[in-house]
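Chain by chain, the residues run as shown.
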Amino acid sequence: MAVHERDEEKESPSLRTCFEYLDQTSRSFSSVIKELHPELLVPVALFYLILRGLDTIEDDMTIPLEKKDPLLRGFYKITEQEGWTFDGNGPDEKDRGLLVHFNAVIEEFLKVKPVYREIIKDITQKMGNGMADYANNAEHNANGVNTIKDYDLYCHYVAGLVGNGLTRLFVESGLANVALLDRPSLQESMGLFLQKTNIIRDIKEDFDDKRRFWPKEIWSKYVTNFEDLFKPEHLDAALNCSSEMVLNSLTHADECLFYLAGIKEQSVFNFAAIPQSMAIATLEKVFRNPQILKKNVKITKGSACAIMTESTQNLKLVCEVFRRFTRKIHKRNTPRDPNFLKISIACGKVSTIAFGALSSHLKTSRRSNNSSNRYSLLRTRKPLYWKRRTNPHPKRQRKSKKMHR
Ligand code: MG
């Protein structure tokens, strides 16, 4: 059931166009965005479309660099250029229609509150510059990502920045704890955990498209040439390499749980939690799975639905999801893997944090139902978002209504 529902009657034709493009361009985010609190619904939907537009320019190898570079760097200004459209994408670019009708996005963006607009423009500018730097980097284009540091930086531009922008929107709207602003590493982890997990899952697809995101610093420990990862005679090495990639991603999981503790409102919680839960499930699915070297491996529809339900309740259930999948990774971990010990420790860490949050939750809810407990993952005040989705206490309900104004 939707937490908040869109009121389509009141929407202008251009806003309806924007939502149509949201459905078309986002397979995983469109439903959670559309259920967001009314204060953030349109800003977040437009933020998504603007970044999708930027990415459609970045991904298109038919656009010459001298044309692409200024478009990427200046895209934040384009978001406020009334009537701007772009039909310079190649015919095969899947989201080219969005840019052909980008005037609708701009029209709606100009109606958004200036504070939200500044945040979105700031992230668009930083991401556009980062993408342009990579597009100009011949080394990167020929050989892919080199060091683990480069890998983190690339993921920062395409995902970490989104975590920062969304956090600022959540806090500005009063729907998340201000303390999140002082924790850039938590914001970064929210983006990197998703991005890195997708990079592991998409290895074969990216390789076929001649893109390499697994850093050389990691794969070169296992194989001499990147393409060896896909050869049957190097299967063991490839699996060990993939488990180091999983380990690298898993190190962000604990910070994602800390982050989620700072969200105060149900629809924002769902929006942030669902992709993270899907990511931990995907990470378990790809762990030491030889199939990833042959095709795009996906979690089943049934599993995705179950995770969706669990992640739209409260932090306690999300912690349970994280524990469940971490335990499964732990079980499949093998002493033959050179990363065995590190993976074991990383799993233990996530499990302990998730369990700590759980037992603390149970203890405090047994002791009393008021907000006097001192426990908080953020170590500030108790996250308002611990309890059930429907709050039976009228006192607290009044408080949360005030926050939404
Ligand atoms: Mg891209």
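Everything numeric in this text was worked out from a predicted model, so none of it was measured. (Residues numbered from 1 in each chain as written. Predicted model: local features only at pLDDT ≥ 70, side-chain atom pairs only at ≥ 80, totals over all residues.)

1. Topic: the overall build of the chain
Turning to step 1, where the next piece is worked out: On a plain count of helices and strands, the chain comes out with 19 helices and zero strands.
Turning to step 2, where the next piece is worked out: The burial tally for the chain puts 42% of its 405 residues in the buried class.
Turning to step 3, where the next piece is worked out: The contacts of the chain with a sequence gap of at least 6 include a subset with a gap of at least 24, amounting to 76%. (Helix = DSSP H or I, 4+ residues; strand = E, 2+ residues; numbered from the N terminus. Buried ≥ 20, exposed ≤ 12 C-beta atoms within 10 Å, placed from the backbone. Contact = placed C-beta atoms within 7 Å.)

2. Some thoughts on the confidence of the model for the chain
Turning to step 1, where the next piece is worked out: Residue-level pLDDT values for the chain average 89, and 87% of them are 70 or greater.
Turning to step 2, where the next piece is worked out: Low pLDDT (under 50) marks residues 364-376, which in the prediction has 10 contacts with non-local residues, meaning those over four places away or in another chain.
Turning to step 3, where the next piece is worked out: Segment residues 379-405: pLDDT under 50, and 33 contacts once partners within four positions in sequence are set aside and those in other chains are kept. (pLDDT = per-residue confidence, 0-100.)

3. Observations concerning the nonpolar core
Turning to step 1, where the next piece is worked out: By size, the foremost hydrophobic cluster in this structure holds 109 residues, and its most contacted members are Cys-18, Ala-45, Leu-49, Leu-260 and Phe-322.
Turning to step 2, where the next piece is worked out: Among the domains, domain 1 (1-116) and domain 2 (137-378) are the pair contributing at least three residues each to this core. (Core = buried A, V, L, I, M, F, W, Y, C linked by C-beta atoms within 7 Å. Domains from an automatic or database assignment.)

4. As for unusual backbone geometry
Turning to step 1, where the next piece is worked out: In this structure, Lys-210 takes a positive phi of about 65 degrees despite not being glycine.
Turning to step 2, where the next piece is worked out: Summarising the element assignment, Lys-210 is placed in the loop between α11 (203-208) and α12 (216-219).
Turning to step 3, where the next piece is worked out: A positive phi angle, close to 50 degrees, is found at Arg-288, a residue other than glycine.
Turning to step 4, where the next piece is worked out: Checked against the element boundaries, Arg-288 lands in the loop between α15 (266-286) and α16 (301-310).

5. Some remarks on the packing of helix α4 (residues 65-78) against helix α7 (residues 114-136)
Turning to step 1, where the next piece is worked out: Between α4 and α7, the least distance of the axes is 6 Å, while the angle of their chain directions is 160 degrees. Here α4 is positioned roughly antiparallel relative to α7, judged by the angle of their axes. As α4 packs across α7, the resulting crossing turns out to be left-handed. Counted together, Leu-65, Lys-68, Asp-69, Leu-72, Arg-73, Phe-75 and Tyr-76 of α4 and Lys-121, Thr-124, Gln-125, Gly-128, Asn-129, Met-131, Ala-132, Ala-135 and Asn-136 of α7 form the full contact between these two elements.
Turning to step 2, where the next piece is worked out: The residue makeup of the contact of α4 with α7, split by class, is seven nonpolar, five polar and four charged. (Axes fitted to C-alpha atoms, helices over the stretch in contact; angles between N-to-C directions. Parallel < 35°, antiparallel > 145°, perpendicular 65-115°, else oblique. Left-handed = near helix turned anticlockwise from the far one by under 90°. Nonpolar A, V, L, I, M, F, W, Y, C, P; charged D, E, K, R; others polar.)

6. So, the environment of Glu-66
Turning to step 1, where the next piece is worked out: Counting through the fold element by element, Glu-66 comes out in helix α4.
Turning to step 2, where the next piece is worked out: In sequence terms Glu-66 and Asn-136 are 70 residues apart; their C-alpha atoms lie 9.5 Å from each other.

7. Here's the deal with helix α13 (residues 235-250)
Turning to step 1, where the next piece is worked out: Taking 1.5 Å per residue, 16 residues should reach 22 Å; α13 reaches 22 Å between its end C-alpha atoms and fits that length.
Turning to step 2, where the next piece is worked out: Within α13, 12 of the 16 residues are buried, leaving the element largely enclosed by the surrounding structure.
Turning to step 3, where the next piece is worked out: For α13, every residue scored as buried is listed here: Ala-238, Leu-239, Cys-241, Ser-242, Ser-243, Glu-244, Met-245, Val-246, Leu-247, Asn-248, Ser-249 and Leu-250. (Expected span 1.5 Å × (residues − 1).)

8. Looking at helix α1 (residues 13-25)
Turning to step 1, where the next piece is worked out: Taking 1.5 Å of rise per residue, the 13 residues of α1 would be expected to cover 18 Å, and the 18 Å separating its terminal C-alpha atoms lies within 8% of that figure.
Turning to step 2, where the next piece is worked out: Buried within α1 we find Leu-15, Cys-18, Phe-19, Tyr-21 and Leu-22. End-on, the buried residues of α1 take up no more than an arc of 160 degrees, which puts them together on one face. Of the residues in α1, the exposed ones pointing more than 90 degrees away from the buried face are Pro-13 and Asp-23.
Turning to step 3, where the next piece is worked out: In this structure, the buried side of α1 is in contact with α2 (30-34), α3 (38-59), α5 (96-100) and α6 (102-109). (Arc of directions from axis to C-beta.)

9. Topic: the environment of Phe-287
Turning to step 1, where the next piece is worked out: Looking at the element boundaries, Phe-287 is found in the loop between α15 and α16.
Turning to step 2, where the next piece is worked out: Residue class for Phe-287 comes out buried when judged on the 24 C-beta atoms lying within 10 Å of it.
Turning to step 3, where the next piece is worked out: C-alpha of Phe-287 to C-alpha of Val-246: the two residues are 41 residues apart in sequence and 6.6 Å apart in space.
Turning to step 4, where the next piece is worked out: Once you skip the residues sitting within four places of it in the chain, Phe-287 turns out to touch Ser-243, Val-246, Ile-329 and Arg-332.

10. Quick look at the packing of α3 against helix α9 (residues 148-172)
Turning to step 1, where the next piece is worked out: The contact between α3 and α9 brings their axes to 11 Å, and the two run at 165 degrees. Taken together, α3 and α9 sit at an angle that is classed as roughly antiparallel. Our pair here, α3 against α9, has a crossing hand that is right-handed. Of α9, the residues touching α3 (which contributes Leu-40, Pro-43, Val-44, Phe-47 and Leu-51) are Val-162, Gly-165 and Leu-169.
Turning to step 2, where the next piece is worked out: Partitioned by chemical class, the residues of the contact of α3 with α9 number seven nonpolar, one polar and no charged.

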